[in-house]
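Tertiary structure, described
The primary structure of each chain is shown beneath.
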Amino acid sequence: FREDPNHPLGQNLDSYFPRPLFGTKNQATQTRYLQDASYLRLKNLQIGYTLPQSVSSKLAMKNLRFFVSGENLFTLTKMFKNFDPESVDYEQARYPGNVYPLLKVISCGLSVNF
C-alpha cells in the first residue's frame, strides 16, 4: 500500500494484502483471506516392465525389469503457491502452511537377476 502519489514506485491503493500495521490496527476478525485448502496430489507413481522369460533367458538372465518412478509429480489446489495444503494445520505447525515446497523426484532404474 502506497498512498503518496510522489512515491518513486507510484501509488498502490488496490493491493490484495494490507500494509502491516502493528498495535491496535488490523486486529478485526475477517474472512477475506480465508483459503480453500482442498487439493489433489499425485505423491507416487511407478511404471515398470519386466521382459518375458523367453527374452531374458537368451541374454543369460533370470529376470530383467525396467522402471520409472516419480514422486510429488503435481498438486492441484486453489491456494496461494506459497502454501502447501498438507501443512496448513494451524494447531500443529510452528509456521502454518509456510514451508519449503515438496521436491519433484523422477528416477529410473534397471533390475537384473542372473
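Read on for an overview of the structure.

Re the sheet that holds strand β1 (residues 39-50)
What the 3 strands build is an open sheet, ordered β1-β2-β3; its pairing is antiparallel. Both edges of this open sheet fall to β1 and β3 (105-113), since each of them pairs with a single strand only. Adjacent strand axes in the sheet meet at a mean angle of 15°, parallel and antiparallel pairs treated alike. Summarising the sheet, β1 and strand β2 (residues 63-77) pair through 11 bridges and their orientation is antiparallel. Each residue of the ladder has a partner; that of Ile47, found in β2, is Val68.

What about the pattern of salt bridges?
Per the counting criterion, the structure on display carries 3 salt bridges. Between Asp84 and Arg41 there is a salt bridge; the shortest N-O distance is 2.7 Å. Here Asp84 is found in the loop between β2 and β3, whereas its partner Arg41 is found in strand β1, with 43 residues between them in sequence. The exposure classification of Asp84 matches that of Arg41, with both residues buried. Residues participating in the shared-partner salt-bridge network are Arg41, Lys43, Asp84 and Glu86.

Digging into the environment of Pro52
One can find Pro52 in the loop between β1 and α1 (53-58). Given a relative accessible area of 36%, Pro52 falls into the partly exposed group. In sequence terms Pro52 and Leu64 are 12 residues apart; their C-alpha atoms lie 8.3 Å from each other.

Calculation criteria
Residues numbered from 1 in each chain as written. Predicted model: local features only at pLDDT ≥ 70, side-chain atom pairs only at ≥ 80, totals over all residues. Heavy atoms only, no water. Pairing = 2+ DSSP bridges. Helix = DSSP H or I, 4+ residues; strand = E, 2+ residues; numbered from the N terminus. Axes fitted to C-alpha atoms, helices over the stretch in contact; angles between N-to-C directions. Salt bridge = Lys/Arg side-chain N within 4 Å of Asp/Glu carboxyl O. Buried < 20%, exposed > 50% of the residue type's maximum accessible area, 1.4 Å probe, protein only.

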